[in-house]
Amino acid sequence: MSDTQTLIDSRPPSVATLFTQRVAETPDAEAYRFPVPAASGDGPDEWKSLSWGQAAERVYAVAAGLIDLGVRPEERVALASSTRVEWILADLGVMCAGAATTTIYPSTNAEESAYILSDSESRVLIAEDAAQLAKAQERRAELPHLTHVVVIDASGIAPDDSGWVISLAELEARGAALLEKQPEAVRERIGAITADQLATLIYTSGTTGKPKGVRLPHDNWSYMAKATVSTGLITKDDVQYLWLPLAHVFGKVLTSGQIEVGHVTAVDGRVDKIIENLPVVQPTYMAAVPRIFEKVYNGVAAKARAGGGAKYKIFQWAAEVAREHAKVTQDNFRRTGNATAPFALAAKHKVADTLVFAKIREAFGGRLRACVSGSAALAPDIGFFFAGAGIHILEGYGLTESSAASFVNPGEAYRTGTVGKPLPGTEVRIAGDGEVMLRGPGIMAGYHRLPEKTAEVLESDGWFHTGDIGELSADGYLRITDRKKDLIKTSGGKYIAPAEVEGQFKAVCPFVSNILVHGADRNFCTALIALDEPTILGWAEENGLGGRTYADVVASKAVESLIEGYVTRLNEGLQRWQTVKKFRLLPRDLDIEHGELTPSLKLKRPVVEREYKALIEDMYAGSREA
């Protein structure tokens, strides 16, 4: 048996146990960094730290506080908060109390929040602030199981004589008092946790229908902690910048792996602070969704364009050099084990590095070893651009139902355009219709109170139907082509993967934010395109359209002509039946608030197609099928 397999097979029943081991081994080492806004209200944030020992003191106080509130093993405690250090401390506290965390995105509306709280039968809600508390108060009559709301930031909240609302500080104080009387209370709870005991209930935001609660036992996270670290992708010397939504399963994997290896994590979920934080945190790795890399790429291109024609030409040249260099070096590494490039290409790359790439790396903090990308497909050309620029994006793959990280690209041997190889202990097979199937310790126990839905995707022998279509290379690298249900079949009988076409457009058009390709049962493909507001308004300023609103700019003939040029470029690289014959520019970008994107920024196709049905029908009006 290999050392890796031994490591995984000998895993403890829970991450709570791993946490106690980490605290015992390195109590004084730095665990978390977090920002504290300047007292004056302006000026830079002050970053503070918690050691593992200090973190444990707060985690055990939260756990004991929950025990004092009457929370029993496997009972649900909901967490509705943005990404902040208190989210991690609270989640670990829930885990150490033997209870189970139900995650709720802070952007979730009151109706859906109430549905999740009710369906999960959550006993306690840990809410970030007054806004999250208000959602529970509004629907309190529908939540008979909810006995308490604990508020992280209680400023501005009136005292509650009934005791239904308490602050996180009060919860921790209750916990500390309980531990004085019963010092072993939390350790006893941790010691009693079994591997199959419920640890997390994550509701899939889903692209259709009501969210389903995915039941993930403690063993899922213990396995993920051991398996991700066994890949060698993270070490004890790393500094992670964690801003992803912790309500998402991807964030949970990142916190589990950190506990196993013991490195530093800087936590700040404010997306508008990413650019400001990177040079301060100077991370060695971070995880993101593809939309972030697309925005960075578009931002770099827009900045070059704003610098004048010469600068933009240099950027375009450097981008092509980056892509060529990445493709050649990755191919050479695959064949020979050496990531080398021919002399002429290496020389061009060196010049491009001085002019363009070094500045990009500096913007990421200057120490970034790798980024992990997941949740959706990254356009390969954008991946190749960053690879050539020295920002190595390791794509991974998984679902909420598989605890997020089933595949990841293996360090130096990563291949852009694939999601890498399965984690040790995870099995994969491709079904006859191309569907990716998984089996292993990361797979969910089932959907909460939905046995029929569970039976649809989880076979009796443990194989899980992912719903994704993919291809496996001879040496085990997986490429995801699309969601099974999203595949388009034209009226001419041709199958098209819309995500593939959409990804290629994102690589050629620096102005795009979101694109939806449509064509099911039609005789040609069309597209709805939303542009990135700052980028297109910057272009408008330079091209005589300054001072206009986004809607006015995208409705102009000049912008339609601009985007038409990129659609033509896209079509040049596609098969005839894949080409986009017509497109319409949307009057605003797609967003979470209107229900068009999930909180992890995935496109909700049915919602968008329903909302813009008139635009779609207009594109087919007058065609032979109309």
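Above this text sits the structure in question.
An account of the accompanying structure is given in this report. (Residues numbered from 1 in each chain as written. Predicted model: local features only at pLDDT ≥ 70, side-chain atom pairs only at ≥ 80, totals over all residues. Heavy atoms only, no water.)

**Quick word on the overall build of the protein chain**
No. 1: Assigned secondary structure in the protein chain consists of 22 helices and 26 strands.
No. 2: Looking at the 626 residues of the protein chain, the share that counts as buried comes to 55%.
No. 3: Of the contacts formed within the protein chain by residues at least 6 apart in sequence, a portion of 67% connects residues at least 24 apart.
No. 4: Looking at the protein chain as shown, the accessible area adds up to about 26100 Å², and 52% of this sits on carbon and sulfur atoms.
No. 5: Across the protein chain, 68 positive and 80 negative side-chain charges occur, with their mean positions spaced 5 Å apart. (Helix = DSSP H or I, 4+ residues; strand = E, 2+ residues; numbered from the N terminus. Buried < 20%, exposed > 50% of the residue type's maximum accessible area, 1.4 Å probe, protein only. Contact = heavy atoms within 4.5 Å. Areas by Shrake-Rupley, 256 points an atom, 1.4 Å probe, with all protein chains shown as cover. Lys, Arg positive; Asp, Glu negative; His and termini not counted. Charge placed at Lys NZ, Arg CZ, Asp CG, Glu CD.)

**A short note on the sheet that holds strand β3 (residues 76-80)**
No. 1: What the eight strands build is an open sheet, ordered β7-β6-β5-β3-β4-β8-β9-β19; its pairing is mixed. Unpaired on one side and paired on the other, β7 (165-167) and β19 (446-447) mark the two borders of the sheet.
No. 2: Pairing of β3 with strand β4 (residues 100-104) involves five bridges; the strand directions are parallel. Directly across from V77, in β4, lies its bridge partner T101.
No. 3: Against the sheet, helix α9 (residues 218-230) touches β8 (198-203) and β9 (213-217), its axis set at about 65 degrees to β9. (Pairing = 2+ DSSP bridges. Axes fitted to C-alpha atoms, helices over the stretch in contact; angles between N-to-C directions.)

**Comments concerning the pattern of salt bridges**
No. 1: In this structure the tally under the stated criterion is 42 salt bridges.
No. 2: The residue K252 makes a salt bridge to D91 at a minimum N-O spacing of 2.6 Å. Of the two residues, K252 sits in helix α10 (residues 249-261) while D91 sits in helix α4 (residues 85-96), which places them 161 residues apart along the sequence. Taken individually, K252 and D91 each receive the classification buried, so the pair is uniform in this respect.
No. 3: E320 is the partner of R323 in a salt bridge, and the nearest nitrogen-oxygen pair spans 3.2 Å. Linking R323 with E320, this pair stays in helix α13 (residues 309-336), spanning three residues, or about one helical turn.
No. 4: Judged by relative accessible area, which is 47%, E320 ranks as partly exposed.
No. 5: One network of salt bridges, in which partners are shared, links D45, D268, R270, K273 and E276. (Salt bridge = Lys/Arg side-chain N within 4 Å of Asp/Glu carboxyl O.)

**Notes on the sheet that holds strand β25 (residues 525-531)**
No. 1: If you trace the three strands from one edge of the open sheet to the other, you get β24-β25-β26, paired in mixed fashion. Looking at strand neighbours, the two that pair on one side only are β24 (512-518) and β26 (580-585), the edges of this open sheet. Averaged over all pairs of adjacent strands, the angle between their axes in this sheet comes to 25 degrees, without regard to strand direction.
No. 2: Here β24 runs beside β25; their pairing, made up of six bridges, is antiparallel. Along β25, the bridge assignment pairs V512 with L531.

**Topic: unusual backbone geometry**
No. 1: The phi dihedral of A404 falls on the positive side, at around 80 degrees, and the residue is not glycine.
No. 2: Inspection of the secondary structure assignment puts A404 in the loop between β14 (393-397) and β15 (407-408).
No. 3: Phi angles above zero are rare outside glycine, and D521 is one such case at about 60 degrees.
No. 4: With respect to the secondary-structure elements, D521 resides in the loop between β24 and β25.

**Quick look at the nonpolar core**
No. 1: Core analysis: the largest hydrophobic core is formed by 160 residues, its most contacted members being F19, Y32, F505, I529, L531 and I563.
No. 2: The greatest single-element share of this core, amounting to ten residues, is contributed by helix α3 (residues 52-68).
No. 3: Apart from residues lying up to four places away in sequence, F19 is in contact with W52, A55, A56, V59, Y60, L92, C96 and I259.
No. 4: Counting 17 residues, the second largest nonpolar core, distinct from the first, contains L133, A136, W164 and V165. (Core = buried A, V, L, I, M, F, W, Y, C linked by side-chain atoms within 4.5 Å.)

**Concerning the packing of helix α2 (residues 15-25) against α3**
No. 1: Contact pair α2 / α3: the axes reach a minimum separation of 9 Å and the direction vectors enclose 140 degrees. Here α2 is positioned oblique relative to α3, judged by the angle of their axes. Considering only the axes of α2 and α3, their crossing is left-handed. Note on element contacts: α3 touches α2 through W52, G53, A55, A56, V59 and Y60, opposite F19, T20, R22 and V23. (Parallel < 35°, antiparallel > 145°, perpendicular 65-115°, else oblique. Left-handed = near helix turned anticlockwise from the far one by under 90°.)

**What to know about helix α8 (residues 185-192)**
No. 1: For α8, the complete set of buried residues consists of A185, V186, R189 and I190. When α8 is viewed along its axis, its buried side chains cluster within an angular range of 135 degrees and face the same direction. Among the exposed residues of α8, those pointing more than 90 degrees away from its buried face are E188, G191 and A192.
No. 2: Those residues of α8 that are buried lie in contact with α2, α3, α4 and α7 (168-181). (Arc of directions from axis to C-beta.)

**Topic: the packing of aromatic side chains**
No. 1: One pass over the full model with this rule turns up 13 aromatic pairs.
No. 2: On the numbers, 6.4 Å between centres and 90 degrees between planes, the contact of F364 with F386 is edge-to-face. Taken as a pair, F364 in the loop between α14 (343-363) and β13 (370-373) and F386 in helix α15 (residues 380-388) lie far apart in primary sequence, 22 residues in all. By the burial criterion, F364 is buried, and F386 matches it.
No. 3: When the centroid spacing of 5.2 Å and the interplanar angle of 75 degrees are considered together, the rings of F385 and F386 count as edge-to-face.
No. 4: Over the aromatic face of Y312 sits the side chain of R305, whose NZ or CZ is 4.8 Å from the ring centroid.
No. 5: A cation over a ring is seen here: R522 above Y620, with NZ or CZ 4.2 Å from the ring centre. (Phe/Tyr/Trp six-rings, centres within 6.5 Å; stacked < 30°, edge-to-face > 60°. Lys NZ or Arg CZ within 6 Å of the ring centre and 35° of its normal.)

**Some thoughts on the environment of Y32**
No. 1: With respect to the secondary-structure elements, Y32 resides in strand β1 (residues 30-36).
No. 2: Judged by relative accessible area, which is 1%, Y32 ranks as buried.
No. 3: Distance from Y32 to V559, taken between C-alpha atoms, is 46 Å for residues 527 residues apart in sequence.
No. 4: Apart from the residues within four sequence positions on either side, Y32 is in contact with K48, S49, L50, W52, A55, V85, I88, L92, Q258, I259, T265 and V267.

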